[in-house]
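Okay, here's what each chain looks like letter by letter:
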Amino acid sequence: MLIPRMMIRAANDDFSVGLEELFNAAIAENRSTVRSAAALAAGLVAVVLLCRMVAGHEKSLPLRATSLVGSVGITAACAVSLRAMIGLGTETISKITDCSLLMLPALASAEVSSGAPGTAGALYSGTVFFSNLLLVLISKVLVPLVYLFIGLATANAALANRLLEAMRDFLSWLITGCLKTVLYVYIGYLTISGVISGSADAASVKATKAALSNTVPVVGSVISDASESVVAGAAMLKSSLGVSGMLAVLGICAAPFLKIAIHYLILKVTKAVCGTVGEDNHVQLIGDLSSAMGFLLGMTGTCALIALLSTVCFMKAVGA
Amino acid sequence: MIVHLAGYFISLIAAAMLVAVAQSMIPSEKIRKISALTGGALLLLCVLTPLLSLDEVRLNIDFSDFLADSSGSIAQMQAESDAKLDALIKQKTAEYISDKASELGAQVSTEVKTARAEEGYFYPCGVTVTGVLSASQENELSAYLADVLSIPKERQVFHTR
């Protein structure tokens, strides 16, 4: 997890500087990942080539041995990587959610002090709800579905069955559909609640200012000076908390995201390379395994996006 | 409900895989067609049976697991913010009074009381002034408090030494 001293220093200096240092560190941490992914790709190409060579000498049977053995061999070769990436993805999602839930009360408190309690309440409860919902959905439903998808893809490659192909496509649609739905509903909630609560907060602030203008000048000046001090302090706190929070979320997910992305891209490239020499079902299986990595990227990205969006909304919400 | 949903999909996929494996192991084309029909019917049963036996308990999602007690938390944050604002108003008002007393040649310590207006803001409503003041200084300060800070005379307390 990338929350080293340099990130804390970067948060004090400049967001862009912090971001640059984060991604440089993530790249440095993943140099060995490229080598291990390349070794995996070489192994997969070897399995595909071997199956292709043997398939030529095999009699045509309802259940071809090369299809079966090749499919199981490809999945077995990827098994360790897949399991590691799925574990890494779920761990990262859990850490992002924990980080987000730790930051939220402080951001909400600063937002309330800025004179926007309605916005703070709506953002706080909405973000907590969607973060917890996504965490439970991913851990209890989507990750088991990813395992099922891998199993279905392997079985389909081995047996070439239309039913299995249809179920595999359905699972793919279901996983991406769930993630998109949660994200779209959350963005819709942010938009609608921002308009409603922002209007209510602005109306409340307007009413208070109008009432203050009717007080004697010195008292009005004392009250407005004190309010401005609190709001200015809260704005500074929101800004620094927000930047630190965003850097923390990016620091948590940068290296794991890059690791999973490297495996995803290497498998895509392997699929393209094997497409010239391999059997169709084996090439399709490698493509499906890269799709499984893609699902993990989607899950991690969705969690990170919810955390980042909520932080930006807190920072952008304007108070008194 | 989410756990039941995951279980539903797992059982569906498991049934589909069993049907596919069974179809693949049958060598005869004729029997494979019959097994496809039987397998499809079995799969349909797997899809429909859990849906037909749904009840309110299974459909119920306990949203309290996902929600924070945000209304209570926000109320507490608002109270903390109000307390900070109230303290600042008292401090600034006390500074105004001390500055005026210094202009009149007196050194005083001040304790300001605030009240909350209907519109939600705090305003100074009472003051206790402690220090060494002559009668004229006290009268002048009292007039200042009433005219400039709108603190009525009945809410002004002077402890002169």
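Computed from a prediction, not measured in an experiment: that's the story for all the values here.

Undergrad: How do you make sense of the overall build of chain B when you look at a structure like this?
TA: Each helix and strand in chain B was counted, giving five helices and three strands. Ordered by position in the sequence, the α and β elements of chain B form the string α-α-α-α-β-β-α-β. For chain B, with 161 residues in total, the buried portion stands at 35%. In chain B, of all internal contacts separated by at least 6 residues, the share reaching a separation of at least 24 is 53%. Roughly 9700 Å² of accessible area belongs to chain B as shown, and the carbon and sulfur atoms make up 60% of that amount.

Undergrad: Quick question: what am I supposed to make of the interface of chain A and chain B here?
TA: Across the contact, 49 residues belong to chain A and 42 residues belong to chain B. When the two sides are added together, the surface that chain A and chain B hide from each other amounts to roughly 3900 Å², 81% of it contributed by carbon and sulfur. Viewed at the interface, chain B and chain A are joined by zero salt bridges. Between the two partners, chain A and chain B, sit two residue pairs in polar contact (both at pLDDT 80 or more). Of all the secondary structure elements, the ones that give two or more residues to the side of chain A that touches chain B are helix H4 (65–113), helix H5 (117–159), helix H6 (162–213) and helix H7 (217–274) of chain A.

Undergrad: Which parts of the structure should I look at to understand a nonpolar patch on the surface?
TA: Residue and element names in this part refer to chain B. Nonpolar side chains collect at one region of the surface, where Leu44, Leu48, Leu51 and Leu52 lie side by side and expose about 420 Å² of accessible area between them. Residue position: leucine 44 is located in helix H2 (residues 29–52). According to the relative accessible area criterion, leucine 44 is exposed, its value standing at 52%.

Undergrad: Sorry, what's going on with the sheet that holds strand E3 (residues 156–160) of chain B here?
TA: Sheets are built from strands paired through backbone hydrogen bonds, the pairs being either parallel or antiparallel. Residue and element names in this part refer to chain B. Taken in spatial order, the three strands of this open sheet run E1-E2-E3, and their pairing is mixed. For this open sheet the edge positions go to strand E1 (108–116) and E3, each flanked by a neighbour on one side alone. Mean inter-strand twist for the sheet, computed between neighbouring axes without regard to direction, equals 20°. Bridge count for E1 against strand E2 (residues 122–131) is nine bridges, and the pairing is antiparallel. In the sheet register, threonine 114 faces E2, and the bridge partner there is proline 124. Strands in contact with helix H5 (residues 135–147) are E2 and E3; relative to E3, the strand with the most contacts, it is inclined by about 155°.

Undergrad: Could you clarify how one ought to interpret the pattern of salt bridges in this entry?
TA: If the charged atoms of two oppositely charged side chains come close together, the side chains can form a pair. With the rule as written, the count across this model stands at eight salt bridges over all chains. For aspartate 82 of chain B, the salt bridge is made with arginine 116 of chain B, and the minimal N-O distance between the two is 3.0 Å. In this pair, aspartate 82 of chain B is assigned in helix H4 (residues 70–103) and arginine 116 of chain B in strand E1, connecting sequence segments 34 residues apart. Judged by its relative accessible area of 45%, arginine 116 of chain B is partly exposed. Connected through shared salt-bridge partners, Arg168, Asp169 and Asp288 of chain A make up one network.

Undergrad: For this particular structure, what's the right way to read the nonpolar core?
TA: Nonpolar side chains tend toward joint burial in soluble globular proteins. Leu142, Leu145 and Met299 of chain A are the most contacted members of the largest nonpolar core, which has 91 residues in total. Elements with a contribution of two residues or more to this core: helix H3 (31–55), H4, H5, H6, H7 and helix H8 (280–316) of chain A together with helix H1 (2–25) and H4 of chain B. The element contributing the most residues to this core is H5 of chain A, with 24 residues. Contacts of methionine 299 of chain A, omitting those with residues within four sequence positions, involve Ile93, Ile138, Leu142, Val143, Val146, Ile175 and Leu179 of chain A. Val112, Leu133, Leu149 and Ile151 of chain B belong to the second-largest nonpolar core, a separate cluster that totals 28 residues.

Undergrad: Looking at this structure, I do not really get the packing of aromatic side chains. What am I missing?
TA: In this description, an aromatic ring pair is defined by two values, namely the gap between the centres and the angle between the planes. Tallied over the entire structure, the rule returns seven aromatic pairs over all chains. Three or more aromatic residues joined by ring pairs make a cluster, and in this case those are Phe129, Phe130, Tyr186 and Tyr189 of chain A.

Undergrad: Looking at this model, I keep getting lost on the confidence of the model for chain B. Mind explaining?
TA: Low-pLDDT stretches of the model should not have their predicted coordinates read in fine detail. Of all residues in chain B, 88% attain a pLDDT of 70 or more, and the chain-wide mean is 84. Scored as a whole, the predicted complex attains pTM 0.83, and scored at its interfaces, ipTM 0.73.

Undergrad: Would you mind showing me how to read unusual backbone geometry here?
TA: Trans peptide bonds make up the majority, and among non-glycine residues the majority have a negative phi. Backbone geometry at alanine 160 of chain A places phi at a positive 50°, although glycine is not the residue there. Of note, alanine 160 of chain A is situated in the loop between H5 and H6. Within the chain, serine 150 of chain B stands out as a residue other than glycine whose phi angle is a positive 55°. Along the chain, the position of serine 150 of chain B falls in the loop between H5 and E3. For serine 150 of chain B, a relative accessible area of 38% translates into the label partly exposed.

Undergrad: Before we go on, may I ask you to explain the pairing of E2 of chain B in this structure?
TA: Every other side chain in a regular strand lies on the same face of the sheet, so the side chains alternate between the two faces. Residue and element names in this part refer to chain B. Across the 10 residues that make up E2, a large majority, eight, are buried. Between E1 and E2, which pair antiparallel one after the other, the connecting turn spans five residues, and glycine 120 there sits at a positive phi close to 110°. The pairing of E2 with E3 spans five bridges and is classified as parallel. Following the sheet pairing, valine 129 is matched in E3 by phenylalanine 158. In this view, the connection linking E2 to its parallel neighbour E3 by way of H5 has right-handed handedness.

Undergrad: I'm lost on H5 of chain B in this one. Help?
TA: For the α-helix, the turn length of 3.6 residues means that residues three or four positions removed from each other point alike. Residue and element names in this part refer to chain B. The end-to-end C-alpha distance of H5, which contains 13 residues, comes to 18 Å, matching closely the 18 Å that a straight helix rising 1.5 Å per residue would cover. Taken residue by residue, H5 has Gln137, Leu141, Ser142, Tyr144 and Leu145 as its buried positions. Take H5 and look down its axis: the buried residues cluster within an arc of 160°, on one side only. Facing away from the buried side of H5, by more than 90 degrees, are the exposed residues Ala135, Asn139 and Asp147.

Undergrad: Sorry if this is basic, but what is going on with the state of the cysteines here?
TA: By definition, a disulfide is the covalent link that joins the sulfur atoms of two cysteine residues. All names here are of chain A. Tallied over the entire structure, the rule returns zero disulfides over all chains. Considering cysteine sulfurs only, cysteine 303 is the nearest to cysteine 178, which forms no disulfide, with 13 Å between them. Residue classification places cysteine 178 among the partly exposed positions, given a relative accessible area of 21%.

Undergrad: Where do I start with the packing of H4 of chain A against H5 of chain A in this structure?
TA: Packed helices, taken two at a time, are described by the angle their axes make and the gap between the axes. Residues and elements named next belong to chain A. Between H4 and H5, the least distance of the axes is 10 Å, while the angle of their chain directions is 175°. One way to sum up the angle between H4 and H5 is to call them roughly antiparallel. Grouping the amino acids of the contact of H4 with H5 by side-chain chemistry returns 22 nonpolar, 12 polar and two charged.

Parameters at a glance
Residues numbered from 1 in each chain as written. Chains lettered and ligands numbered in written order. Predicted model: local features only at pLDDT ≥ 70, side-chain atom pairs only at ≥ 80, totals over all residues. Heavy atoms only, no water. Helix = DSSP H or I, 4+ residues; strand = E, 2+ residues; numbered from the N terminus. Buried < 20%, exposed > 50% of the residue type's maximum accessible area, 1.4 Å probe, protein only. Contact = heavy atoms within 4.5 Å. Areas by Shrake-Rupley, 256 points an atom, 1.4 Å probe, with all protein chains shown as cover. Buried area = accessible area lost by both parts, 1.4 Å probe. Salt bridge = Lys/Arg side-chain N within 4 Å of Asp/Glu carboxyl O. Polar contact = N/O pair within 3.5 Å; in protein donor to acceptor, adjacent residues only side chain to side chain. Patch = residues over 30% accessible without salt bridge, like charges linked within 9 Å, V, L, I, M, F, W, Y side chains within 5 Å. Pairing = 2+ DSSP bridges. Axes fitted to C-alpha atoms, helices over the stretch in contact; angles between N-to-C directions. Core = buried A, V, L, I, M, F, W, Y, C linked by side-chain atoms within 4.5 Å. Phe/Tyr/Trp six-rings, centres within 6.5 Å; stacked < 30°, edge-to-face > 60°. pLDDT = per-residue confidence, 0-100. Right-handed = clockwise from strand over helix to strand, strands pointing away. Expected span 1.5 Å × (residues − 1). Arc of directions from axis to C-beta. Disulfide = S-S within 2.5 Å. Parallel < 35°, antiparallel > 145°, perpendicular 65-115°, else oblique. Nonpolar A, V, L, I, M, F, W, Y, C, P; charged D, E, K, R; others polar.

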